[in-house]
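Survey of secondary and tertiary structure
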Amino acid sequence: MRIWTLHPRLLDRRGLVALWREALLAQAVLRGRTRGYRHHPQLLRFRRQATPLGCIAAYLRAVHAEASSRGYSFARERIGRAKPAGRMVVARGQLEHEWRHLRAKVARRDPGWLEKIGPSSTPRPHPLFRVVPGGVEGWERGVTPRRRAPASGTAPRSRRRP
């Protein structure tokens with residue numbers, strides 16, 4: 001499951017259709033209507049919100065709007081009616097990580113789309129998200145957290161055995 005933090009307009013056809021299905025699955029999980037994916041890390045950020053169902057519904061509305069602008073007919077009635085309490089936050093590092101990941105996927109399956117979206121170094125987030133400073137989120141799989149330099153600005157000491 002991949003619930004992109006990136007703006008849906010950056011996704012190719014296959015990516016947008018897959019996102020719609022996966023976000024609908026996430027909505028079902030958050031409603032308690034399925035046994036699978038209940039502990040999926042992508043859902044942690046929604047569960048941490050004051051209104052998880054409102055957030056996933058707002059997320060789906062933006063995906064639906066993008067699909068409609070492309071002439072697709074996604075079933076709007078499948079989106080819940082709840083409203084989010086506010087925007088969600090995403091760390092800049094997470095957004096950049098997803099941008100690299102998406103570009104690599106699209107380069108393989110639809111190079112023409114990659115040319116169309118261009119090489120932007122600052123990708124737009126999904127409208128539900130507000131970007132804040134920070135690295136890759138802790139729930140992201142397959143990413144080794146980078147070592148951080150100490151606050152004093154000095155290089156970290158190496159550990160030596162006596």
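Bear in mind that the values here come from a model prediction, so they are computed numbers and not experimental data.

Description of the overall build of the protein chain
Assigned secondary structure in the protein chain consists of 5 helices and 2 strands. What you see in the protein chain, going N to C, is helices and strands ordered as α-α-α-β-α-α-β. Of the roughly 10,300 Å² of accessible surface on the protein chain, 49% is carried by carbon and sulfur atoms.

Structural notes on the packing of helix H1 (residues 13-30) against helix H3 (residues 52-69)
Between H1 and H3, the least distance of the axes is 10 Å, while the angle of their chain directions is 160°. The angle between H1 and H3 places the two elements in the roughly antiparallel class. At the point where H1 passes H3, the crossing takes the left-handed sense. Between H1, through Leu-16, Leu-19, Trp-20, Ala-23, Leu-24, Ala-26, Gln-27 and Leu-30, and H3, the contact on the second element is made entirely by Pro-52, Leu-53, Ile-56, Ala-57, Tyr-59, Leu-60, Val-63, His-64, Glu-66 and Ala-67.

Quick word on the packing of aromatic side chains
In this description, an aromatic ring pair is defined by two values, namely the gap between the centres and the angle between the planes. Within this structure, the stated rule accounts for 3 aromatic pairs. Ring geometry for Phe-46 against Tyr-59: centres 6.0 Å apart, planes inclined by 90°, an arrangement best described as edge-to-face. Of this pair, Phe-46 sits in helix H2 (residues 44-47) while Tyr-59 sits in helix H3; the two residues are 13 residues apart in sequence, bridging distant segments of the chain. Accessibility expressed as a relative area gives 0% for Phe-46, which makes it buried. Taken together, the ring pairs in this structure connect Trp-20, Tyr-72 and Phe-74 into an aromatic cluster. Across the ring face of Trp-4, the terminal group of Arg-2 is positioned such that the distance to the ring centre comes to 5.2 Å.

A short note on the side chain of His-40
Here His-40 lies in the loop between H1 and H2. In this structure His-40 comes out as buried when scored by relative accessible area, which is 11%. Among the polar contacts made by the side chain of His-40, one reaches the main-chain amide nitrogen of Gln-42 at a distance of 3.1 Å.

With respect to H3
Helix length check: H3, at 18 residues, gives a terminal C-alpha distance of 26 Å against a target of 26 Å (1.5 Å per residue), a fit within 8%. In terms of residue burial, H3 counts as a mostly covered element, since 13 of its 18 residues are buried. Positive phi appears at Gly-71, one or two residues downstream of H3, with a value of about 90°.

Points about the pattern of salt bridges
By the definition in use, this model includes 4 salt bridges. With a closest N to O distance of 2.7 Å, Arg-2 and Glu-140 form a salt bridge. Here Arg-2 is found in the segment before H1, whereas its partner Glu-140 is found in the segment after strand S2 (129-132), with 138 residues between them in sequence. For the residue pair Arg-2 and Glu-140, the accessibility class agrees, reading buried in each case.

Quick notes on the side chain of Gln-42
One can find Gln-42 in the loop between H1 and H2. Looking at Gln-42, its side chain comes within polar contact range of the main-chain nitrogen of Ile-3, at 3.0 Å.

Considerations on the confidence of the model for the protein chain
Per-residue pLDDT for the protein chain has a mean of 87; in total, 88% of the residues score no lower than 70. Per-element confidence in the protein chain is highest for H3, whose mean pLDDT is 98, and lowest for helix H5 (residues 111-117), whose mean pLDDT is 90. Segment residues 147-162: pLDDT under 50, and 2 contacts once partners within four positions in sequence are set aside and those in other chains are kept.

Describing helix H4 (residues 92-109)
Taking 1.5 Å of rise per residue, the 18 residues of H4 would be expected to cover 26 Å, and the 26 Å separating its terminal C-alpha atoms lies within 8% of that figure. Turning to H4, its buried residues are Gly-93, Gln-94, Leu-95, His-97, Glu-98, Trp-99, Leu-102 and Val-106. Those residues of H4 that are buried are in contact with H2, strand S1 (88-91), H5 and S2.

About the cut-offs
- Residues numbered from 1 in each chain as written.
- Predicted model: local features only at pLDDT ≥ 70, side-chain atom pairs only at ≥ 80, totals over all residues.
- Heavy atoms only, no water.
- Helix = DSSP H or I, 4+ residues; strand = E, 2+ residues; numbered from the N terminus.
- Areas by Shrake-Rupley, 256 points an atom, 1.4 Å probe, with all protein chains shown as cover.
- Axes fitted to C-alpha atoms, helices over the stretch in contact; angles between N-to-C directions.
- Parallel < 35°, antiparallel > 145°, perpendicular 65-115°, else oblique.
- Left-handed = near helix turned anticlockwise from the far one by under 90°.
- Contact = heavy atoms within 4.5 Å.
- Phe/Tyr/Trp six-rings, centres within 6.5 Å; stacked < 30°, edge-to-face > 60°.
- Buried < 20%, exposed > 50% of the residue type's maximum accessible area, 1.4 Å probe, protein only.
- Lys NZ or Arg CZ within 6 Å of the ring centre and 35° of its normal.
- Polar contact = N/O pair within 3.5 Å; in protein donor to acceptor, adjacent residues only side chain to side chain.
- Expected span 1.5 Å × (residues − 1).
- Salt bridge = Lys/Arg side-chain N within 4 Å of Asp/Glu carboxyl O.
- pLDDT = per-residue confidence, 0-100.

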